[in-house]
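Residue strings, one per chain:
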Amino acid sequence: MADSKRMTIVLLASARSVHTRGWAAALSRAGHRVVVASLQPGPHVSGVDLRVAPKVDGELGRRLPLSVFWLRQLIREIRPDVIEVLSLGTYGLLSLALPKGPARVLMPYGGELRAARRSVTRACVLRLALRRGAMVLPGSEELKAELVDRYAIPAERVEVHSWGVDEDLITAQPLISPKAVRSSLGIPRDATVVLSVRATSAIYRTLSIVSAFTQAAPSRPDLFLVVFAGAPVDRESARRAQKTYFDRVCEAARPVADRALIIERTLSRKQIFELMCASDIVVSIPHEDQHSFAVLEAALAGPRILLSDIPPNQQMTSDGLTADLLGEPITRTLTQKLGEVSADQRIQHRNRDYVLRREHGGKKLAEHEDLFRRLSGHA
């Protein structure tokens, strides 16, 4: 990339997030200087400069003042063209300390908007952060409508954007051997593998997935369940809640222990994608969601996709994704579907075409680069 096209981009985001690391790597491969400013350490990403706030023991109230000073110093040192804030919970609050100057792009996640509906304080922080953004990039039309209607963000400053499916995964997909992946994890070669494709949590209703599986299993001896814990969360109280829920999931899976694999270690994005490729059915059934990158990656991987019947999933199916949308009560409808569903190569081909046509990461990256250049004056 010519120097005139190269930008310096700061991602104000958690280095522990698989989404942060994937997006940072994509921007770096495109030739930009990428700095991730994180409150927590995380795995090294080739070509990406990770800067971590000074460690201070205790809750956010004790850490935030020192982090504010650190962030302002960092921005003055780096002098970025664009600052992109990924997730507007803690990082939305920290973004209020950003100095004026660099263009600010905000990417709210569905979880933050959901939490703000129940908290006046969260809603206030979210509103302040949103109003300081040059552009806000929600992942679905549903989130866009909420930003415009509830938070009074001008519609021209809100664009629905997707990161799409990373080009690395598109390149890797034909080379992945489902048989080798199954063998490495001890999954029966001829089983019909059901993958709970999101991290274990109450938000993603993992317990309902396990319950449905245990009810469907007696009539489907071929079914085999795979569940993974996901990355640890930042706050101590949230970690305790995460562990409590994970323990409940493990207990619920005991009756089918010989037909289930629960992965407790943190998996990389590529490892999760390999699991998708080795699966016949993936399940994602949250009450609320956004334009899910995990679902898009599953569409490329090829298994049958079972989703909760909610607006973001309805939008994806109307755009061309082929998936089974399950209504409430979710445990009953999922049990019924697991009792009859099977892989379908026609669906596999349609979904891969959908990803390459509408959700190719290279094309989505180019759209983001165009936006960043317009905002920073590099157009």
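Residues numbered from 1 in each chain as written. Predicted model: local features only at pLDDT ≥ 70, side-chain atom pairs only at ≥ 80, totals over all residues. Heavy atoms only, no water.

A.B. asks: Pulling in residues and values, what's your account of the nonpolar core?
C.D. replies: Grouped together as the largest cluster of nonpolar side chains are 63 residues, with contacts concentrated most on Leu 11, Val 226 and Met 276. Ranked by residues supplied to this core, first place goes to helix α12 (residues 293-301) with eight residues. Ignoring anything within four residues of it in the chain, the contact list for Val 226 reads Ile 187, Val 193, Val 194, Leu 195, Ser 196, Leu 261, Ile 263 and Leu 275. Counting residues in each nonpolar core, the second largest holds 32 residues, with Val 10, Leu 64, Leu 130 and Ile 153 among its members. (Core = buried A, V, L, I, M, F, W, Y, C linked by side-chain atoms within 4.5 Å. Buried < 20%, exposed > 50% of the residue type's maximum accessible area, 1.4 Å probe, protein only. Helix = DSSP H or I, 4+ residues; strand = E, 2+ residues; numbered from the N terminus. Contact = heavy atoms within 4.5 Å.)

A.B. asks: Pulling in residues and values, what's your account of the pairing of strand β5 (residues 103-107)?
C.D. replies: With five of its five residues buried, β5 lies for the most part within the structure. Judged by which residues are buried, β5 turns out to be covered on both faces: Ala 103, Val 105 and Met 107 on one side and Arg 104 and Leu 106 on the other are all buried. As defined by bridge partners, β5 adjoins strand β6 (residues 135-136) across two bridges and the pair is classed as parallel. Bridging across to β6, Leu 106 finds its partner in Val 136. (Pairing = 2+ DSSP bridges.)

A.B. asks: How would you sum up the pairing of strand β4 (residues 82-86)? Please name residues and give values.
C.D. replies: In terms of burial, β4 is a largely internal element, five of the five residues being buried. What you see with β4 is no split at all: Val 82, Glu 84 and Leu 86 on one side and Ile 83 and Val 85 on the other are buried throughout. Here four bridges tie strand β1 (residues 8-12) to β4, and the two strands are oriented parallel to one another. The residue of β4 that forms the bridge with Val 10 is Ile 83. Here β4 runs beside β5; their pairing, made up of five bridges, is parallel. For Glu 84, the partnering residue across the bridge sits in β5 and is Val 105.

A.B. asks: Kindly report on the pattern of salt bridges, identifying the contributing residues and their values.
C.D. replies: According to the stated counting rule, one finds 23 salt bridges in the structure shown. The shortest N-O distance in the salt bridge between Arg 29 and Asp 168 comes to 3.2 Å. Here Arg 29, found in helix α1 (residues 18-29), pairs with Asp 168, found in helix α7 (residues 167-172); they are 139 residues apart in sequence, far enough to count as distant. Its salt-bridge partner being Arg 346, residue Asp 344 comes within 3.1 Å of it at the nearest N-O pair. Looking at Arg 346, the relative accessible area reads 60%, which means it is exposed. Several salt bridges share partner residues, and in doing so they unite Arg 114, Arg 117, Glu 146 and Glu 288 into one network. (Salt bridge = Lys/Arg side-chain N within 4 Å of Asp/Glu carboxyl O.)

A.B. asks: Lay out the side chain of Thr 192 in plain terms, naming residues and giving numbers.
C.D. replies: You can see Thr 192 is positioned in strand β7 (residues 192-196). One polar contact links Thr 192 to Asp 222, side chain to side chain, over a distance of 2.6 Å. (Polar contact = N/O pair within 3.5 Å; in protein donor to acceptor, adjacent residues only side chain to side chain.)

A.B. asks: Can you lay out the packing of aromatic side chains for me, pointing to particular residues and giving the numbers?
C.D. replies: Two aromatic rings, taken as a pair, are described by how far apart their centres are and by the angle between their planes. One pass over the structure, following the stated rule, counts two aromatic pairs. Seen from their ring centres, Trp 23 and Trp 163 are 5.4 Å apart, and the 20° between their planes marks the pair as stacked. Separated by 140 residues along the polypeptide, Trp 23 in helix α1 and Trp 163 in the loop between α6 (141-150) and α7 bring together distant segments of the chain. Trp 23 gets classed as buried once you look at its relative accessible area, which sits at 4%. Of the residues examined, Trp 163 reaches a relative accessible area of 6% and is grouped as buried. Here the aromatic rings of Trp 163 and Phe 293 are separated by 4.9 Å at their centres, their planes lie at 20°, and the arrangement is stacked. Separated by 130 residues along the polypeptide, Trp 163 in the loop between α6 and α7 and Phe 293 in helix α12 bring together distant segments of the chain. (Phe/Tyr/Trp six-rings, centres within 6.5 Å; stacked < 30°, edge-to-face > 60°.)

A.B. asks: Please provide a residue-by-residue account of the sheet that holds strand β2 (residues 33-38), values included.
C.D. replies: If you walk across this open sheet you meet the six strands as β3-β2-β1-β4-β5-β6, and the pairing is parallel. A single partner strand is all that each edge strand has here, and the edge strands are β3 (48-52) and β6.

A.B. asks: Tell me about the side chain of Ser 162, and name the residues and values.
C.D. replies: Its location among the elements puts Ser 162 in the loop between α6 and α7. A relative accessible area of 6% places Ser 162 in the buried class. Among the polar contacts made by the side chain of Ser 162, one reaches the main-chain amide nitrogen of Gly 164 at a distance of 2.8 Å. Only 2.8 Å separates the side chain of Ser 162 from the side chain of Glu 359, close enough to count as a polar contact.

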